[in-house]
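A look at the structure
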Amino acid sequence: MMLKSRFVVPVDAPVIKNGAVVVEEGRISAVGPARDLPHGGVADYGDAVICPGFVNAHTHLELTSMAGRVPPSEDFAGWLRTLVEMIKTSLCTREDVQNSVRMGLSQSLAAGVTMVGDVTRQPVWTREVLAASSIRGVSFGEVIAVGWTRHRLAELLEIALSDTHQTDRIRAGVSPHAPYTVEPDALRTCAQQAKEIGALLCIHLAETRDEDLFLRKHEGPLADHLRRSGVWDDDMPLAECGPLELVSKTGVLGSSTVAAHANYVSDADIAQISNGGTSVAYCPRTHRAFGHPPHRFRDMLAVGINVCIGTDSLASNPSLSVLDELRFVRRMYPDCPPQTIMEMGTINGAKALGFGDAAGSITVGKHADLVVIPLEPAGLRSTWESILDGDAQPTEVYVEGVPQLGRKRTTL
Ligand SMILES: [Zn+2]
């Protein structure tokens with residue numbers, strides 16, 4: 001099958017005008033100018049761009065049903081406490097969780113997201129849904145082990161790293177939630193166990209300014225949050241260092257780790273992230289919603305850090321669309337090269353999630369995970385304007401060459 005359009009954006013190679021992608025048995029067998037490629041069945045999308053499927057490197061699909069219910073504010077700890085309370089009452093049953101994940105999945109695919117780094121408190125229930133879907137990615141089972149909840153560490157780790165419902169497309173990973181909700185020894189254990197079986201690890205890191213104060217002194221809004229949550233006990237160890245130093249010395253940093261947010265980082269912190277080969281999932285609109293100072297993603301990219309894009313959950317973000325995030329970044333940082341923005345939303349995410357050789361770009365041999373975005377107004381915009389400056393949504397999305405949306409197209 002050949003897919004044709006006015007432009008093909010491989011991401012790892014220059015834009016191809018009047019390009020085509022040939023798909024055989026779910027994989028890309030050729031890409032180039034349409035006139036140079038062998039014809040078979042042709043789906044001609046005309047005035048459109050074909051690009052790789054987008055990668056949402058940090059999200060929580062099970063919180064999709066929380067959309068709009070806990071508006072983000074500058075009081076992060078207060079927001080988190082309200083969210084946790086709401087989860088306790090609204091996401092109790094398998095049906096609640098799985099319905100929420102299903103909604104998130106269908107919104108993701110409709111937005112052209114074909115790969116996710118998904119964090120879940122209910123790995124078994126969530127993975128059952130993910131495994132039955134078309135999505136690719138890593139399902140990170142969340143671990144919280146602080147105060148009296150530390151006794152649950154072994155159980156949570158076992159569930160997170162279980163191979164139940166793992167498939168070729170869905171791999172299990174572990175997410176020690178954050179440096180303030182997982183004690184140092186537990187962080188070390190998570191890192192060791194993930195490493196032993198080659199699993200990926202995701203952690204919310206340096207998300208708020210309060211994290212540093214908590215780790216050094218057990219003070220501030222996050223300490224209040226833990227006390228009010230009822231998990232506090234007198235055996236909680238003081239880290240006596242900042243978040244980056246803590247994750248570095250507990251073995252959490254490394255090329256198999258995705259650090260979500262990294263909103264408050266010094267030059268030394270950035271160097272530490274870079275040395276470890278850790279990927280950073282920047283969540284642009286969630287970052288903005290909590291009123292953080294400008295994110296240092298460009299400083300990170302400049303020293304070679306693999307920065308990818310996450311939406312985080314609908315509890316803090318208006319959509320699960322990476323394309324919407326990229327358009328937001330384009331508006332906020334018009335001097336950032338469009339190629340760089342596109343890489344963050346595709347190949348960088350695939351690399352972060354361990355699928356860099358299998359997906360994330362339109363490259364011969366990779367899975368045919370593709371998105372079709374119409375040029376609007378028809379034919380008048382350049383490629384980048386059409387993807388990043390317009391507001392057109394995908395008209396078709398392919399995973400391994402199989403159309404996911406089934407919308408109208410011209411077949412010749
Ligand atoms: Zn998150």
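Of all hydrophobic cores here, the largest spans 100 residues; its most connected members are Phe54 and Ile387. Counting contributing residues per domain, this core is built from domain 1 (2-52 + 361-411) and domain 2 (54-352), each supplying no fewer than three. Those residues in contact with isoleucine 387 that sit more than four places away from it in its chain are Val9, Val49, Leu323, Arg327, Met342 and Ile373. One finds Ala57, Phe140, Cys202 and Ala352 within the second-largest nonpolar core, a separate group that totals 17 residues.

Turning next to the layout of surface pockets. Taken as a whole, the largest pocket spans an internal volume of roughly 860 Å³. Those elements that place two or more of their residues in the lining of the largest pocket are α1 (76-90), α3 (123-131), α4 (153-160) and α7 (221-229). When residues of the lining of the largest pocket are assigned to their parent elements, the largest contribution, six residues, is made by α1. Within the lining of the largest pocket, the residues separate by chemical class into 16 nonpolar, six polar and eight charged. Size it by volume and the second largest pocket reaches roughly 210 Å³. If you trace the second largest pocket, you find 13 residues lining it, with Ala191, Lys195, Gly251, Ser256 and Thr257 closest to the centre. No other element matches helix α5 (residues 184-197), which puts three residues into the lining of the second largest pocket. Its residues assigned to classes, the lining of the second largest pocket comprises six nonpolar, six polar and one charged.

Ideal donor angles around a metal are set by the shape: a four-donor tetrahedron calls for 109.5 degrees, a six-donor octahedron for 90 or 180 degrees. Donor atoms from the polypeptide that coordinate the zinc ion comprise His58 (NE2), His60 (NE2), His204 (NE2) and Asp312 (OD), at 2.1 to 2.4 Å from the metal. Angles of 85 to 166 degrees at the metal separate the four donor atoms of the zinc ion, which places the site in the irregular class.

Its place among the elements puts proline 243 in helix α8 (residues 243-249). Note: C-alpha distance between proline 243 and proline 176 (67 residues apart in sequence) is 13 Å. Beyond its immediate stretch of four places on either side in the chain, proline 243 contacts Pro179, Leu205, Ala206, Glu211, Asp212 and Leu215.

Moving on, we get to empty space enclosed by the protein. Using a probe with the size of a water molecule, rolled over the atoms, empty space left in the structure can be pinpointed. Enumeration according to the criterion identifies two cavities of 30 Å³ or more in this entry. Around the largest cavity, the lining comprises 19 residues; the ones closest to its centre are His60, Leu63, Leu80, Leu83 and His177. Looking at the lining of the largest cavity, the elements with two or more residues in it are α1 and β7 (113-120). The leading source of residues in the lining of the largest cavity is α1, at six residues. Residue composition of the lining of the largest cavity, by class: nine nonpolar, five polar and five charged. As a volume, the second largest cavity reaches approximately 70 Å³. As for the second largest cavity, its lining consists of 13 residues, of which Pro179, Pro184, Phe214, His218 and Pro237 are closest to the centre. Looking at the lining of the second largest cavity residue by residue, the classes come out as 11 nonpolar, one polar and one charged.

Structurally, the protein chain comprises domain 1 (2-52 + 361-411) and domain 2 (54-352). A C-alpha centroid distance of 31 Å is found between domain 1 and domain 2. The partner domain 2 presents 21 residues to the 25 residues of domain 1 that form the contact. Between domain 1 and domain 2 the total buried area reaches about 2,000 Å² when both faces are included, carbon and sulfur atoms providing 58% of it. The largest contributions to the domain 1 side of the interface with domain 2 come from Val11, Trp384 and Leu388, which together make up 32% of the buried area. Where domain 1 meets domain 2, there are four salt bridges. Of the charged contacts, one joins arginine 169 and glutamate 400 as a salt bridge, the two residues approaching to 3.3 Å between their closest N and O atoms. Between domain 1 and domain 2 we count 10 residue pairs in polar contact (both at pLDDT 80 or more) in total. Looking at the side of domain 1 that touches domain 2, the elements with two or more residues in it are β5 (48-52), β14 (370-374), α15 (383-389) and β15 (396-399). At five residues, α15 tops the list of elements feeding residues into the side of domain 1 that touches domain 2. Looking at the side of domain 1 that touches domain 2 residue by residue, the classes come out as 14 nonpolar, six polar and five charged.

Basis of the calculations
- Residues numbered from 1 in each chain as written.
- Predicted model: local features only at pLDDT ≥ 70, side-chain atom pairs only at ≥ 80, totals over all residues.
- Heavy atoms only, no water.
- Core = buried A, V, L, I, M, F, W, Y, C linked by side-chain atoms within 4.5 Å.
- Buried < 20%, exposed > 50% of the residue type's maximum accessible area, 1.4 Å probe, protein only.
- Domains from an automatic or database assignment.
- Contact = heavy atoms within 4.5 Å.
- 1 Å grid on protein atoms, 1.4 Å probe; cavity = no way out; pocket = protein on both sides within 12 Å on 5 of 7 lines; lining within 4 Å.
- Points joined across faces, edges and corners; volume = space filled by probe spheres on them.
- Helix = DSSP H or I, 4+ residues; strand = E, 2+ residues; numbered from the N terminus.
- Nonpolar A, V, L, I, M, F, W, Y, C, P; charged D, E, K, R; others polar.
- Donors = N, O, S within 2.8 Å, 3.2 Å for Na, K, Ca; no water.
- Tetrahedral: all angles 85-135°; square planar, octahedral: opposite > 155°, others 65-115°.
- Buried area = accessible area lost by both parts, 1.4 Å probe.
- Salt bridge = Lys/Arg side-chain N within 4 Å of Asp/Glu carboxyl O.
- Polar contact = N/O pair within 3.5 Å; in protein donor to acceptor, adjacent residues only side chain to side chain.

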